[in-house]
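# Commentary on secondary and tertiary structure
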Protein chains: 4
Amino acid sequence: MKNTIGNLFTVTLFGESHGEAIGVVLDGVPAGIEINQELFEHQMFLRKPKGTISTQRHETDEVKMISGIFENKTTGAPCCMLIENKDQHSKDYSKIKDIARPSHADYAANMKYNGYQDYRGGGHFSGRLTAPLVAAGAIAIQLLQSKGITMGTHVLQLHDIQDDAFSSNLNQCKEQIDRINQLEFALINEDKKDEMIQRIDDARMNLDAVGGVLETCVMGMPAGVGEPAFDSIESRLSHALFSIGAVKGVEFGLGFGFKDKMASEVNDEFEVVDDVIVTKTNNNGGINGGITNGMPLLFKTVVKPTASISRHQNSVNFKTNENVDLVIQGRHDPAIIHRARVVVDSMTAITLVDCLIERYGIVWFQGGQQ
Amino acid sequence: MKNTIGNLFTVTLFGESHGEAIGVVLDGVPAGIEINQELFEHQMFLRKPKGTISTQRHETDEVKMISGIFENKTTGAPCCMLIENKDQHSKDYSKIKDIARPSHADYAANMKYNGYQDYRGGGHFSGRLTAPLVAAGAIAIQLLQSKGITMGTHVLQLHDIQDDAFSSNLNQCKEQIDRINQLEFALINEDKKDEMIQRIDDARMNLDAVGGVLETCVMGMPAGVGEPAFDSIESRLSHALFSIGAVKGVEFGLGFGFKDKMASEVNDEFEVVDDVIVTKTNNNGGINGGITNGMPLLFKTVVKPTASISRHQNSVNFKTNENVDLVIQGRHDPAIIHRARVVVDSMTAITLVDCLIERYGIVWFQGGQQ
Amino acid sequence: MKNTIGNLFTVTLFGESHGEAIGVVLDGVPAGIEINQELFEHQMFLRKPKGTISTQRHETDEVKMISGIFENKTTGAPCCMLIENKDQHSKDYSKIKDIARPSHADYAANMKYNGYQDYRGGGHFSGRLTAPLVAAGAIAIQLLQSKGITMGTHVLQLHDIQDDAFSSNLNQCKEQIDRINQLEFALINEDKKDEMIQRIDDARMNLDAVGGVLETCVMGMPAGVGEPAFDSIESRLSHALFSIGAVKGVEFGLGFGFKDKMASEVNDEFEVVDDVIVTKTNNNGGINGGITNGMPLLFKTVVKPTASISRHQNSVNFKTNENVDLVIQGRHDPAIIHRARVVVDSMTAITLVDCLIERYGIVWFQGGQQ
Amino acid sequence: MKNTIGNLFTVTLFGESHGEAIGVVLDGVPAGIEINQELFEHQMFLRKPKGTISTQRHETDEVKMISGIFENKTTGAPCCMLIENKDQHSKDYSKIKDIARPSHADYAANMKYNGYQDYRGGGHFSGRLTAPLVAAGAIAIQLLQSKGITMGTHVLQLHDIQDDAFSSNLNQCKEQIDRINQLEFALINEDKKDEMIQRIDDARMNLDAVGGVLETCVMGMPAGVGEPAFDSIESRLSHALFSIGAVKGVEFGLGFGFKDKMASEVNDEFEVVDDVIVTKTNNNGGINGGITNGMPLLFKTVVKPTASISRHQNSVNFKTNENVDLVIQGRHDPAIIHRARVVVDSMTAITLVDCLIERYGIVWFQGGQQ
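Residues numbered from 1 in each chain as written. Chains lettered and ligands numbered in written order. Predicted model: local features only at pLDDT ≥ 70, side-chain atom pairs only at ≥ 80, totals over all residues. Heavy atoms only, no water.

## With respect to the overall build of chain A
The number of helices and strands found in chain A is eight helices and 18 strands. Rg of the C-alpha trace for chain A: 21 Å, near the compact-globule value of 21 Å for 370 residues, within the 12% margin. For chain A, the C-alpha atoms occupy an extent of roughly 70 × 55 × 40 Å along the three principal directions. A buried classification covers 70% of the 370 residues belonging to chain A. Put simply, of all contacts in chain A between residues at least 6 apart along the chain, 73% involve residues at least 24 apart. (Helix = DSSP H or I, 4+ residues; strand = E, 2+ residues; numbered from the N terminus. Rg over C-alpha atoms; globule rule 2.2 N^0.38 Å. Buried < 20%, exposed > 50% of the residue type's maximum accessible area, 1.4 Å probe, protein only. Contact = heavy atoms within 4.5 Å.)

Rendered as structure tokens:
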């Protein structure tokens, strides 16, 4: 379904970096939900480029609610949310029209669209399209919160600097989630912030860029959600997460850490605590057989270094089939990982709301008779 | 879509470990394809448990073609392929009916299905259901081969023993693929085989189990396949790969290796070689912006140690909500990774055929007028 | 999705008239439903050819439950139901291989499948494939009944002989539904039976065939089910109904009768009766704006005369591109409409269960904790 | 999928009558198609209310291309097309907020959305939402034309006044299609125009409304498109057609006319004419077994009289559960059928492009390398 994701709660994405506007249509929205404007704006704020560690392109990212909202409540009809593009530089993109920026979509897009793609600023492939995803995600996060489900994502690693991981103590973990959700630069151990910021700034000074690893935790998911085969929670979440441009790996629970372990070391034994069934460890990240088991969902995504750098790079002109020497002009992000965390939360929330509606029906989320 | 995967080329999976039979319905099959029986049986053979390093459950895994095949050619109608269950032990499963085996789906399934799931031998969650997937995959692999697309998967790491990675030299890589596809225990460096077998046997002797990492390479994919947003090749493949029971992580190209690299170290520069546009490195695993760029698709999946082990484990009875001491009886696999490789190939092929049909149409694959 | 229908409650159809077997995979089945064997067999019985007014091909149509049922209850895993083909005549079909039977799928299929289709007895296009649909439908009907939703279909018109329509009195209508569901030849006014049977027999004697119109009524559907745009109840139902081979028209409520009416004559005015909101008339067949309004769903389907007749007909050989004179050998149905009624009920039930699960969730239907 | 239709070529609809704007996202658009502005505007013009026989609400219906178009060519990225709402009367809708207009969606919507729906002017159910469908349809029609496929729809019957049907002579039929596509009031026999206009005007004077029957013909569809079971061409088209508000019946070929015919009267015999296989009659409307047979697609849709009339009608207040006497204020359409014809063409084209892409791939339609 190309630019639409979801079965019952669906997001359709459109727009290009230098077009008129970018946006989403969110469908399958339960009626009668009053939009939490504070949460909405907070999420949009978290994604916005800020300071010297992000691109200097400045957009207001003001979201216009085109449809599906009436008197600040959802109506049940599809919500189109539009963000106008304003800060488009008038520079002449046509000279880079046929040049493949390394690790960018330019060449692949040219092969797919026969040269008709909007090449300005990455077009439909621009990271700017994560803004409407965050807008859609804000509504999804609000829906989850209404059912006691909370989530958070932090920068577990930036280049070789590591943050602490989520605590295995559920109460502490809950506090960590609440805290990082308030932070612009989401860290469990905030002492690492200066070092990370410095590393990003160094990258910027070196006309380079860095990536890292995000860790996400979702608490409060009821057990029994997901499907055994092709719609495992892992399948659904990874599908959504890999739609984020720079994500090149996803792992659940111990993930690649399973590779050199014995089963006896990593099996999650069950136990009854206060009449509730839990697992002693959570190496499976809250998912058994593709289905939630009631423990926190835990997963990591790797975000590669931003491909746009201002250094000299070798490349090709795919129209003339010639090698060229390339310097990418423009305003680059030396890191996006600290902003990508809110995109990860958004795609996660969108996916989980869809899974929950499949199980409990849209009426579960819907507001009572007005 | 729960037990159906794919948009145009779809696989619907059914069956339980101890039911009548297991099987798939493969739909959207191009007509006029003569089934390559040798390939088909070879793939089924690769998945079968063999020797002491696998479960002692022995099934013939004979595939009955119920529909969609006529005079050994596909008709275009859905292919139902059925594998009867024969080696079901008559033991009394009812005593473990309400016990949650650690890291198994039992408890999550109980929460999902309210206790009505077929609990015998894992039921619909059994690894045995990968057999029909391999049958479907064999047809998909054949379709890819008809377009010059080949693939292979090897055991890159088993516990802490490492195999060589695929060569970055395309000709050598092609040879490696051809070679490992003939091997029961797929390794690029076959010198590692004895050590790995020994490690598995040790695990078995210790009533334990091991996992590892699989590396997959697909050569010959045309550039321009995949979608920018939610149907990126990474999204589609990961969705399929995470439907394999023991897979807990998927990464493309350098994957988690990107985390501590600078962009300048890992960007894949383009160059023209013999009039063909290639990248000098392939850290992005043949995918830019979600779309194939003509380079080999490269990805890794981590396979966790088999959860079924015969050791004492703590667990719970989820009916009585009591802690129990558990020893899982039965015939276990001390490792499945060497067999999982063919399941990975199968799910990969199924996914790629679907993506290719979306772009080129079913007529691209179809046999000429009879 | 070709041979799969439904969003959450899905039916995947496979098989050919003269293949090994025909069947369905029913997925998204709520767990813990005890199969009502009596209802199940009754539905299968209603579809079976019987007497001189149907084909003389005799099949036991015994349904084998391959998966998804355990101890006669649904497990939540996909139900594969298989019906073996037994009464295949060994006659040589190859001589009619390239002949297009008028109003049959032969020629269209040849163009689609390049000649590789299984041409024996209509192959995958055979009316015999309605048998597994009825099996799937029986489970759907049972699910609806568990929520107080009942339905029935009768032969409103056969050739030019008319039955009475469903009563606009809801109590009487309910009784009519209950009564016709017990009848092999479903009529509200059973006095018309002999005449209709005679008309079918006459057609048979004349080597000809007749069709007619079916009227369906569904009572008990809650108001508020369906979607405003592309998933209107009319869209969903018609999609399902037009998948039945001989159906060439579907109308809801007054349907084509609206064409020469003024709005003031046909608008359904609302009124409050016993504190319940109802409409005085039901010209819209229980659907406003694509959504149920709580009144009975009412629709009609036209079933064309069976295309297989034993008369001389002109046709072509599509391999040689020559005109031919054709007499179709074999066992034909002079009418199928009296059997099609149960297929209409089945497709209706399958569709409505899907719509209800989307709204109320699968847990609404599921059995309580075992 | 609620407000999204299509498998590979998809339309997502959003907006409300009195909201900010209405629009669509068209996805799966082949790249490199230069928008035919003349055709585009002509289609929009045909749908617009004009003269005394339509609502006096006047909208410019100017379509803003938000995305997916670059230098007037499609880029392959999703096309968002937006139409701002301008002529919204500021009248107080709140007094009719809880009143169910007869044969309107108000009550059903209230049951579905618990009273949160945007009730102003029908909200998301407004006929105004057909405007963006026509915009999407114009692009689909252009795609079909690029492959030699043309279509047209005319008012076969308005109230009890009949137009001629499409000619069975293919050349004449082609001319008829070309001619009616130029007409504001599409009739094959234009002599009927004055009488029909008069009938609509009479309805208007009587505060009433009329409906009728549309006949559609599509020429040039290749044989072999469509699917045998659930994705028959009839299923796909009817699904799309029943998403148009006032459509309550769809029939293919002879449709309900089959009911009192013998097979020998209506079977479509094949013959070879000038080396091409055709049928002598086209009672099946160009579809056998759900698949195109190369003959013109022929179908009829019944459009009920517009439900909005200014007469006194009985109704209910669904909040207080009381009977009320209702007079609907506002600007009504005494007929919409002459404008609905272009919506039928649009939904037909959207559906057929989707079916064709499934068979031939998106590359079939795509522009050559730029």
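## Examining the packing of helix α6 (residues 233-241) of chain B against helix α8 (residues 337-360) of chain B
All names here are of chain B. At a minimum axis distance of 9 Å, the contact between α6 and α8 shows a crossing angle of 140°. The angle between the axes of α6 and α8 places the two elements in the oblique class. Considering the relative orientation of α6 and α8, their crossing is right-handed. Residues I233, R236, L237, A240 and L241 of α6 form the contact with α8, whose participating residues are V344, M347, T348, T351, L352, D354, C355 and E358. Across the contact of α6 with α8, the residue classes tally to eight nonpolar, two polar and three charged. (Axes fitted to C-alpha atoms, helices over the stretch in contact; angles between N-to-C directions. Parallel < 35°, antiparallel > 145°, perpendicular 65-115°, else oblique. Left-handed = near helix turned anticlockwise from the far one by under 90°. Nonpolar A, V, L, I, M, F, W, Y, C, P; charged D, E, K, R; others polar.)

## Concerning the interface of chain A and chain B
Between chain A and chain B, the contact holds 100 residues from the first and 100 residues from the second. For the pair chain A and chain B, the two sides together bury roughly 8,300 Å², of which 59% comes from carbon and sulfur. For the interface between chain A and chain B, the tally reads seven salt bridges. E358(A) is the salt-bridge partner of K2(B), the closest N and O atoms lying 3.9 Å from each other. Remark: the boundary between chain A and chain B carries 59 residue pairs in polar contact (both at pLDDT 80 or more). Across the side of chain A that touches chain B, the residue classes break down as 41 nonpolar, 33 polar and 26 charged. Summarising the sheet, strand β11 (residues 247-252) of chain A and strand β11 (residues 247-252) of chain B pair through three bridges and their orientation is antiparallel. (Buried area = accessible area lost by both parts, 1.4 Å probe. Salt bridge = Lys/Arg side-chain N within 4 Å of Asp/Glu carboxyl O. Polar contact = N/O pair within 3.5 Å; in protein donor to acceptor, adjacent residues only side chain to side chain. Pairing = 2+ DSSP bridges.)

## Points about the relation of the copies chain A and chain B
Mapping chain A onto chain B is achieved by rotating through 180° and translating by 0.0 Å along the same axis, at an RMSD of 0.0 Å. A rotation of that kind, with that shift, is consistent with a two-fold axis. Of all interface residues in chain A, 100% are interface residues in chain B too; the two copies therefore contact each other through one and the same surface. (Least-squares fit on C-alpha atoms with pLDDT ≥ 70 in both.)

## Section: the interface of chain D and chain C
At the junction of the two partners, chain D supplies 100 residues and chain C supplies 100 residues. At the boundary of chain D with chain C, total buried surface from both sides reaches about 8,300 Å², with 58% on carbon and sulfur atoms. By the criterion of area lost to chain C, the three top residues of chain D are F230(D), K248(D) and F256(D), representing 11% of everything that side buries. Our count for the contact surface shared by chain D and chain C stands at six salt bridges. Between the two partners, chain D and chain C, sit 59 residue pairs in polar contact (both at pLDDT 80 or more). A per-class count over the side of chain D that touches chain C returns 41 nonpolar, 33 polar and 26 charged.

## Section: the packing of helix α3 (residues 130-145) of chain D against helix α8 (residues 337-360) of chain D
All names here are of chain D. With their axes 7 Å apart at the nearest point, α3 and α8 run at an angle of 50° to one another. For the element pair α3 / α8, the angle class is oblique. Between α3 and α8 lies a crossing whose hand is left-handed. Listed contacts from α8 to T130, L133, V134, A136, G137, A140, I141, L143 and L144 of α3 are V342, V343, D345, S346, M347, A349, I350, L352, V353 and L356. Here the contact of α3 with α8 is composed, by residue class, of 15 nonpolar, three polar and one charged.

## Some remarks on the confidence of the model for chain A
Predicted confidence across chain A gives a mean pLDDT of 95, with 99% of residues reaching 70 or more. Interface confidence for the predicted complex, expressed as ipTM, amounts to 0.97; the pTM equals 0.98. (pLDDT = per-residue confidence, 0-100.)

## Quick notes on the sheet that holds strand β8 (residues 150-158) of chain D
Overall, antiparallel pairing links the ten strands, which are arranged β9(C)-β8(C)-β10(C)-β16(C)-β11(C)-β11(D)-β16(D)-β10(D)-β8(D)-β9(D) in an open sheet. Both outer strands of the open sheet, β9 (161-162) of chain C together with β9 (161-162) of chain D, are each paired with one neighbouring strand and no more. With five bridges connecting them, strand β11 (residues 247-252) of chain D and strand β16 (residues 297-303) of chain D associate as antiparallel partners. Along β16(D), the bridge assignment pairs V247(D) with V303(D).

## Notes on the environment of N114(A)
Structurally, N114(A) is set in the loop between α2 (106-113) and α3 (130-145). Ignoring anything within four residues of it in the chain, the contact list for N114(A) reads A109(A), Q366(D), G367(D), G368(D), Q369(D) and Q370(D). Here the side chain of N114(A) touches G367(D) through a polar contact of 2.7 Å, landing on its backbone oxygen.

## Some points on the pairing of strand β17 (residues 312-317) of chain D
All names here are of chain D. For β17 and strand β18 (residues 322-327), the ladder comprises six bridges, and the chain directions are antiparallel. The partner of S315 across the bridge, within β18, is V324. Taking the residues that link successive antiparallel strands as the turn, the β17-β18 hairpin has four residues, and the phi of N321 there is positive, at about 60°.

## Section: the pattern of salt bridges
Residue and element names in this part refer to chain A. Under the criterion given, the structure shown has 85 salt bridges over all chains. Here E84 ties to K64 by a salt bridge, and the two come within 3.4 Å at their closest N and O atoms. Residue E84 is found in strand β7 (residues 79-84), and its partner K64 is found in strand β4 (residues 63-65); the two are separated by 20 residues along the sequence. Under the relative-accessibility criterion, K64 is labelled partly exposed at 30%. For D98, the salt bridge identified is with K97, shortest N-O distance 3.7 Å.

## Structural notes on the pairing of strand β16 (residues 297-303) of chain C
Residue and element names in this part refer to chain C. Among the seven residues of β16, seven are classified as buried, and the element is accordingly described as predominantly covered. On β16, burial covers both faces: L297, F299, T301 and V303 on one face and L298, K300 and V302 on the other are all buried. Taken together, the seven bridges between strand β10 (residues 212-219) and β16 define a ladder with antiparallel strand orientation. Note on β16: the bridge partner recorded for T216 is F299.

## Regarding the sheet that holds strand β7 (residues 79-84) of chain B
Residues and elements named next belong to chain B. What the five strands build is an open sheet, ordered β1-β2-β3-β7-β4; its pairing is antiparallel. Of all the strands in the sheet, just β1 (4-5) and β4 (63-65) have a single pairing partner and so form its edges. As paired strands, strand β2 (residues 10-15) and strand β3 (residues 21-27) are joined by six bridges and run antiparallel to one another. Note on β3: the bridge partner recorded for F14 is G23.

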